[in-house]
Amino acid sequence: MNTSIDWLPAVFIGLMGLSFLVYAILDGYDLGVGVLLPKDSQQHRDKMIYSIGPFWDANETWLVLAVGLMLIAFPKAHSIVLQALYLPTALMLAGLILRGVSFDFRTKAPSKDKQKWDLTFKLGSLLATLCQGYMLGRYVTAFDTSLASYMFSMLSAVCVTAGYCFVGAAWLVMKTEGSLQKRSAQWALWSNRLMVLGILAVCIANLSIDPIIAEKWLGFPQVFVLAPLILLFVFIFSTVEFYLKKVPLEDDLGCWYPFASAIIVFTVCFGGLAYSFFPYIVPNQLTIYDAASSRESLLVIFWGAVVVLPTIIGYTIFAYKVFWGKTSKLNY
Amino acid sequence: MLATGELAQVASDSGFMLSRIQFAANISFHILFPTINIALCWILVFFKLRYNKTGDDAWIRVYRFWVRIFALTFAIGVVSGITMSFQFGTNWPGYMETVGNIAGPLLGYEVMTAFFLEASFLAIMLFGMERVSNRVHTFATLLVAVGTSLSAFWILALDSWMQTPAGFEMIDGVAHVTSWFEVIFNPSMPYRLAHMVLASGLTAAFLIAGISAYRLLKGDQKRSVKYALNFSVVLAALLIPLQIFVGDLHGLNTFKHQPAKVAAMEGVWQTERGAPLLLFAVPDEEARTNHFEVKVPYLASLILTHDIDGEITGLDEFKGEHPPVAPVFYSFRVMVGIGMLMLLFSWLASYHFSFKKRYPNWLLKSAVVMTFSGWIATLAGWYVTEIGRQPYLVTGVLNTRDAATTIAPENIAFSLTMYLVIYGFLLVAYIRTLFVMANRAVHLEEHNPKVLDEQNHLPVEQGAQS
């Protein structure tokens, strides 16, 4: 094995982590919108689904990339993690399948079935988000089989769903207007609070379960990084709360603010998790260096990624520019 | 002690079988959709270019009807495909552990070069007509077509490598690449790719023919329907002889590299010269012979060796190493049989189109019956090739058995049941929706193409954005 290129596992865990983060933000908002679909207004439902229509497919591709990178770069980790999470993974896939197809069926099936497909869309989204949160909980507790660990995973399921609802509602605040925008601000308000509780719970659990992780955060001098992060969070949460109560402002001033803050919160939380676990890819079991595939194969994908990823980011930005601004009806 | 050992064996056997059934179900369901879309997307490019060139509204209406079916097909293809990338690790951990250095980069390049391209430009292709220029929209359609084809290219490179591995060496039980060129362009790859792309063309052509014929039978006399029908009939008539030719080359290639598979396809138990072609038979693996043979003397040897007295190696030379005979044997006959029907139909229909300028009703009805004939032929073809590779996952390198998971069989039984229910439900919903869309289109007036809400029975909301 060529040790001079042993930076490759670190690069790939970085790429994989980035893909998971981009996935959580992007598919996060469209899953959140799906979970929030209301029963009482067909008009609101249509508008909400139009707002994610041009994007959900590409958003979901980040999951394929993230899991694909894990499969390619860390095959041992892929099989340990996914075998440990076999059932929630299968259920999540069922959720993603049902959601992905309802989006198309709802406009093409007989009109009388439309409401049923909307409900399928909502339940599919909910199932997928709950499973993802549960899987995160299982992962964070290193697949521990104690009752406490399962309870924690259930809590994590609810909180991740709240996080997705927040980013989804924030997306709608940005993309819609009128009664739906006000409604979205309400959704964002309560999911924001629930998400804060969730983040606190995960932090406390994480620090109390694992002394190594506690040392990583609370030891000296790392603890000084923690303080400004807490201040940042307090600032974001209070200003978002303040803003959402005022929606809509004149000329829709700052309608992007809740969404931008969601991105920051997701990024910081994700970075925190990554910092806690590095260099382990399966907590306490397997490091990225032990799990990595042959460096030669990684190098082959690495050069591909160097060329292709900027291209992907380029045309993703193009696609978002094409559908920029407030949502209007989608026409074929 | 022995009892526990045996129990564990039984559990791992049933887990193995369940994993196989699950993977077979996933892949059979998934392939139905790319099979349509690889070619349908190029057909859409063609429709769009015809419109750009002639300015004839009917072409853009054909485009818009079929782009909606493309979108629906694409969505089901995407979500059923995601399932498979998860299963490599969960159900077949030995696969990536042994050949991950080869499979990994190929799958990685598929995601990076194809998936994002398709998914990003699909949105512009579907919803962008009013937001981008006509030229950018045509270009987006073209990029989606390129994406679907790239996707097919990478997947078929990997699948072909599993059939006829090349360009690698084994070090401590793990495959390492010696030549990426040989890995990608392995001996069976060009044939398999051509065979699959043509299969997609035929599947899409028969789908378009079937749905268009259905609309005509329902009294839909619009020009756009006739354009679609004429186009698909001629396309099928051109592609089917090409497919028979490529299929023959593919068979010769298999005969050279995977003789056990060909022996199973032909039902040849003992090595023989001047082997007959079996039109029908019931292979019996226990007795290692066929019953009820209906045969044409010498023809199998003639087809495979281009020599009336050519030698075909029999299954007995591969005892324990050859695939289960009956499924390969029957699937092959289903595939060829449907190919013959396709030839007959498309040539008859082309004749009526070219010389009579109209289609008789019985022909239109046959088109409706054959709407999904491409699916059946493609599935049968894949069964021949994939079951035909058994007992190996990677020919001569990795036994399927050795790649299997240790997950509790109950869990696999659960996920399998769940997938089967979802797939059954979606298949019915998909087929039903195609005909609902066709029916709905029958009753729509011809619209000015600028009015884009046709076929879209949604409450029309005026978006605030101009």
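Residues numbered from 1 in each chain as written. Chains lettered and ligands numbered in written order. Predicted model: local features only at pLDDT ≥ 70, side-chain atom pairs only at ≥ 80, totals over all residues. Heavy atoms only, no water.

The name an unreviewed UniProt entry gives chain B is Cytochrome bd-I ubiquinol oxidase subunit 1 apoprotein, with Thalassotalea agarivorans as the organism. According to the UniProt record, the Sequence similarities (unreviewed entry) comment for chain B reads "Belongs to the cytochrome ubiquinol oxidase subunit 1 family." (UniProt positions renumbered as here; feature names shortened; annotations may be inferred.)

Taking an unreviewed UniProt entry as the reference, chain A is identified by name as Cytochrome bd-I ubiquinol oxidase subunit 2 apoprotein belonging to Thalassotalea agarivorans. Among the UniProt annotations of chain A, the heading Subcellular location (unreviewed entry) holds the following wording: "Cell membrane". As its UniProt record puts it under Sequence similarities (unreviewed entry), chain A is described as follows: "Belongs to the cytochrome ubiquinol oxidase subunit 2 family."

**Student:** How would you sum up the overall build of chain A? Please name residues and give values.
**Tutor:** For chain A, the helix and strand inventory stands at 13 helices and two strands. Taking 332 residues into account, the globule formula puts the C-alpha radius of gyration at 20 Å, and chain A, at 20 Å, falls close to it. The dimensions of chain A, computed from C-alpha atoms along their principal axes, are 60 × 40 × 40 Å. Per-residue burial for chain A yields a buried fraction of 62% across its 332 residues. A sequence separation of at least 24 residues applies to 77% of the contacts in chain A between residues at least 6 apart. Carbon and sulfur atoms provide 74% of the accessible area of chain A, an area that totals close to 13,200 Å². Across chain A, the mean location of the 23 positive side-chain charges is 8 Å away from that of the 20 negative side-chain charges. (Helix = DSSP H or I, 4+ residues; strand = E, 2+ residues; numbered from the N terminus. Rg over C-alpha atoms; globule rule 2.2 N^0.38 Å. Buried < 20%, exposed > 50% of the residue type's maximum accessible area, 1.4 Å probe, protein only. Contact = heavy atoms within 4.5 Å. Areas by Shrake-Rupley, 256 points an atom, 1.4 Å probe, with all protein chains shown as cover. Lys, Arg positive; Asp, Glu negative; His and termini not counted. Charge placed at Lys NZ, Arg CZ, Asp CG, Glu CD.)

**Student:** Please provide a residue-by-residue account of the overall build of chain B, values included.
**Tutor:** The number of helices and strands found in chain B is 13 helices and eight strands. For chain B, the C-alpha radius of gyration of 24 Å lies close to 23 Å, the compact-globule estimate for 466 residues. If one aligns the C-alpha atoms of chain B with their principal axes, the spans along those axes are about 75 × 55 × 40 Å. When burial is assessed residue by residue, chain B has 59% of its 466 residues classed as buried.

**Student:** So what's going on with unusual backbone geometry? Which residues, and what values?
**Tutor:** Following Val247 of chain A, the chain continues to Pro248 of chain A via a peptide bond in cis, the omega torsion being 0°. Examined against the element boundaries, Pro248 of chain A turns out to sit in the loop between α10 (223–246) and α11 (257–277). Put simply, Phe278 of chain A and Pro279 of chain A share a cis peptide bond, and its omega is 0°. Take Pro279 of chain A: it is sitting in the loop between α11 and β1 (280–282). At Ala142 of chain A, a residue that is not glycine, the phi angle is positive and equals roughly 55°. Phi at His306 of chain B is positive, roughly 55°, even though this residue is not glycine.

**Student:** An account of the UniProt feature "transmembrane region" (unreviewed entry) in chain A is requested, with residue identities and associated values reported.
**Tutor:** Residues and elements named next belong to chain A. Mapped onto this numbering, the UniProt entry gives "transmembrane region" (unreviewed entry) at residues 12–37, 80–98, 119–137, 149–173, 194–214, 220–244, 256–278 and 298–320. From the first C-alpha to the last, residues 12–37 spans 37 Å; its make-up is 96% helix and 0% strand. Taken end to end, residues 194–214 is 95% helix and 0% strand, and its two terminal C-alpha atoms sit 24 Å from one another.

**Student:** Which residues make up the packing of helix α6 (residues 189–217) of chain B against helix α13 (residues 409–442) of chain B, and what are the values?
**Tutor:** Residues and elements named next belong to chain B. Across the interface, α6 lies against α13 with an axial gap of 9 Å and an inter-helix angle of 45°. As the angle between them shows, α6 and α13 are arranged oblique. Judged by the twist between their axes, the crossing of α6 over α13 is right-handed. Residue-level contacts link Leu207, Ile211, Tyr214 and Arg215 of α6 to Leu434, Phe435, Ala438, Asn439, Ala441 and Val442 of α13. Class assignment of the residues belonging to the contact of α6 with α13 gives a composition of eight nonpolar, one polar and one charged. (Axes fitted to C-alpha atoms, helices over the stretch in contact; angles between N-to-C directions. Parallel < 35°, antiparallel > 145°, perpendicular 65-115°, else oblique. Left-handed = near helix turned anticlockwise from the far one by under 90°. Nonpolar A, V, L, I, M, F, W, Y, C, P; charged D, E, K, R; others polar.)

**Student:** Tell me about the side chain of Thr83 of chain B, and please be specific about residues and values.
**Tutor:** Checked against the element boundaries, Thr83 of chain B lands in helix α2 (residues 57–91). Residue Thr83 of chain B is classed as buried on the basis of its relative accessible area of 0%. Within polar-contact distance, the side chain of Thr83 of chain B engages the backbone oxygen of Ser80 of chain B at 3.3 Å. If near-sequence neighbours (up to four positions away) are discounted, Thr83 of chain B is found in contact with Leu93 and Ile97 of chain A together with Asn26, Tyr419 and Tyr423 of chain B. (Polar contact = N/O pair within 3.5 Å; in protein donor to acceptor, adjacent residues only side chain to side chain.)

**Student:** Can you lay out the interface of chain A and chain B for me, pointing to particular residues and giving the numbers?
**Tutor:** Each partner contributes residues to the interface: chain A has 72 residues there, and chain B has 78 residues. Buried area between chain A and chain B, both sides added, is near 6,900 Å², and the carbon and sulfur share of it is 71%. Linking chain A with chain B are one salt bridge, by the criterion used here. Two residues, Arg432 of chain B and Asp113 of chain A, come together in a salt bridge whose shortest N-O distance is 3.6 Å. For the pair chain A and chain B, the interface holds 10 residue pairs in polar contact (both at pLDDT 80 or more). Looking at which element gives the most residues to the side of chain A that touches chain B, the answer is helix α5 (residues 86–108) of chain A, with 17 residues. Across the side of chain A that touches chain B, the residue classes break down as 42 nonpolar, 18 polar and 12 charged. (Buried area = accessible area lost by both parts, 1.4 Å probe. Salt bridge = Lys/Arg side-chain N within 4 Å of Asp/Glu carboxyl O.)

**Student:** An account of the environment of Asn59 of chain A is requested, with residue identities and associated values reported.
**Tutor:** All names here are of chain A. Secondary-structure assignment places Asn59 in helix α3 (residues 56–73). Overall, the relative accessible area of 2% leaves Asn59 in the buried class. Not counting chain neighbours up to four residues away, the residues in contact with Asn59 comprise Tyr23, Leu26, Asp27, Tyr29, Asp30 and Tyr320. Polar side-chain contacts of Asn59 include one of 3.4 Å to the side chain of Tyr29.

**Student:** Can you tell me about the confidence of the model for chain B, naming the residues and giving the values?
**Tutor:** All names here are of chain B. Chain-level statistics for chain B give a pLDDT mean of 88 and a share of 93% at 70 or above. Confidence drops under a pLDDT of 50 for residues 448–466, and excluding neighbours within four residues, the segment shows 48 contacts in the predicted structure. Reported for the predicted complex are a pTM of 0.89 and an ipTM of 0.86. (pLDDT = per-residue confidence, 0-100.)

**Student:** Can you lay out the nonpolar core for me, pointing to particular residues and giving the numbers?
**Tutor:** Grouped burial of nonpolar side chains is what soluble globular proteins tend to show. Among the nonpolar cores identified, the biggest contains 234 residues, and Phe12, Phe74, Trp171 and Ile281 of chain A together with Trp66, Tyr95 and Tyr430 of chain B are the most heavily contacted of them. Listed in part, the 20 residues of the second largest apolar core include Ala275, Ala300, Val328 and Phe332 of chain B. (Core = buried A, V, L, I, M, F, W, Y, C linked by side-chain atoms within 4.5 Å.)

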